[in-house]
Amino acid sequence: MASKFHAVWNFLSHYKYLIVIVVGVLIVGVIDDNSFLKRIQYDTQISRLHDEIEHYEAISEENVRQLKELNSDPKAIEKIARERYFMKADDEDIFVFSEQ
């Protein structure tokens with residue numbers, strides 16, 4: 001039993017710096033909350049969120065443009081009422097075609 005302990009102790013004392021470096025790299029690279037793997041995950045999440053921000057900004061710009069158009073042009077309100085809500089004037093007929 002003492003010889004096994006002595007052999008393990010010799011191995012650990014002979015490679016102590018290598019063991020500390022390997023354990024340190026594992027902790028910093030994989031296990032820690034600020035590891036390289038987490039950093040890569042955070043970077044991909046940040047890029048995905050930037051894409052979402054651009055998408056919603058484009059939608060917001062389109063909505064602002066439509067709102068300005070609705071406030072300035074009374075024909076725009078009529079156009080939206082006809083296209084989206086199938087409203088009509090008294091002397092018109094509406095035909096809705098479906099592809100089904």
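Just so it is clear, the model here is predicted, and its values are computed rather than measured. (Residues numbered from 1 in each chain as written. Predicted model: local features only at pLDDT ≥ 70, side-chain atom pairs only at ≥ 80, totals over all residues. Heavy atoms only, no water.)

Chemist: I'd like a description of the side chain of Ser35, backed by residues and values.
Modeler: Within the fold, Ser35 resides in the loop between α2 (16–31) and α3 (36–72). Residue classification places Ser35 among the buried residues on the basis of a relative accessible area of 1%. (Helix = DSSP H or I, 4+ residues; strand = E, 2+ residues; numbered from the N terminus. Buried < 20%, exposed > 50% of the residue type's maximum accessible area, 1.4 Å probe, protein only.)

Chemist: Could you give an account of the confidence of the model for the protein, with specific residues and numbers?
Modeler: Caution is warranted with low-pLDDT regions, since their predicted coordinates should not be read in detail. Chain-level pLDDT for the protein is 86 on average; 100% of the residues reach the 70-or-more range. Of all the helices and strands in the protein, helix α4 (residues 74–85) carries the lowest mean pLDDT, 80, while α3 carries the highest, 94. (pLDDT = per-residue confidence, 0-100.)

Chemist: Kindly report on a negative patch on the surface, identifying the contributing residues and their values.
Modeler: The grouping of Asp51, Glu52, Glu54, Glu57 and Glu61 at the surface amounts to a negative patch. In this structure, Glu52 sits in helix α3. (Patch = residues over 30% accessible without salt bridge, like charges linked within 9 Å, V, L, I, M, F, W, Y side chains within 5 Å. Areas by Shrake-Rupley, 256 points an atom, 1.4 Å probe, with all protein chains shown as cover. Salt bridge = Lys/Arg side-chain N within 4 Å of Asp/Glu carboxyl O. Lys, Arg positive; Asp, Glu negative; His and termini not counted. Charge placed at Lys NZ, Arg CZ, Asp CG, Glu CD.)

Chemist: Explain the environment of Ile53 to me, using residue names and the numbers behind them.
Modeler: Tracing the backbone through its elements, the reader meets Ile53 in helix α3. Between the C-alpha atoms of Ile53 and Asp73, which are 20 residues apart in sequence, the distance is 30 Å.

Chemist: Can you break down the packing of α3 against α4 residue by residue, with the values?
Modeler: In the contact formed by α3 and α4, the axes pass within 5 Å of each other and the chain directions differ by 115 degrees. Between α3 and α4, the contacting residues are Gln66, Glu69, Leu70 and Ser72 on the first element and Pro74, Ala76, Ile77, Ile80 and Arg84 on the second. Classifying every residue of the contact of α3 with α4 gives five nonpolar, two polar and two charged. (Axes fitted to C-alpha atoms, helices over the stretch in contact; angles between N-to-C directions. Contact = heavy atoms within 4.5 Å. Nonpolar A, V, L, I, M, F, W, Y, C, P; charged D, E, K, R; others polar.)

Chemist: Requested: an account of the packing of aromatic side chains, with residues and values cited.
Modeler: Counted according to the given criterion, the structure contains one aromatic pair. Consider the rings of Phe11 and Tyr15, whose centres lie 5.1 Å apart with planes at 55 degrees: the pair is tilted. (Phe/Tyr/Trp six-rings, centres within 6.5 Å; stacked < 30°, edge-to-face > 60°.)

Chemist: Any chance you could break down the pattern of salt bridges for me, citing the residues and the numbers?
Modeler: Any two side chains of opposite charge can pair if their charged atoms end up close together. Enumeration over the complete set of coordinates arrives at two salt bridges. A salt bridge links Arg65 to Glu62; the shortest N-O distance between them is 2.5 Å. Pair noted here: Arg65 and Glu62 are both in helix α3, with a separation of three residues, about one helical turn. Classification of Glu62 by relative accessible area gives partly exposed; the value is 34%. Put simply, Glu69 and Arg65 hold a salt bridge, and the shortest N to O gap is 3.1 Å. On the criterion of helical spacing, the pair formed by Glu69 and Arg65 is a turn pair, its members being four residues apart in helix α3. On the accessibility criterion, Glu69 (31% relative accessible area) is partly exposed.

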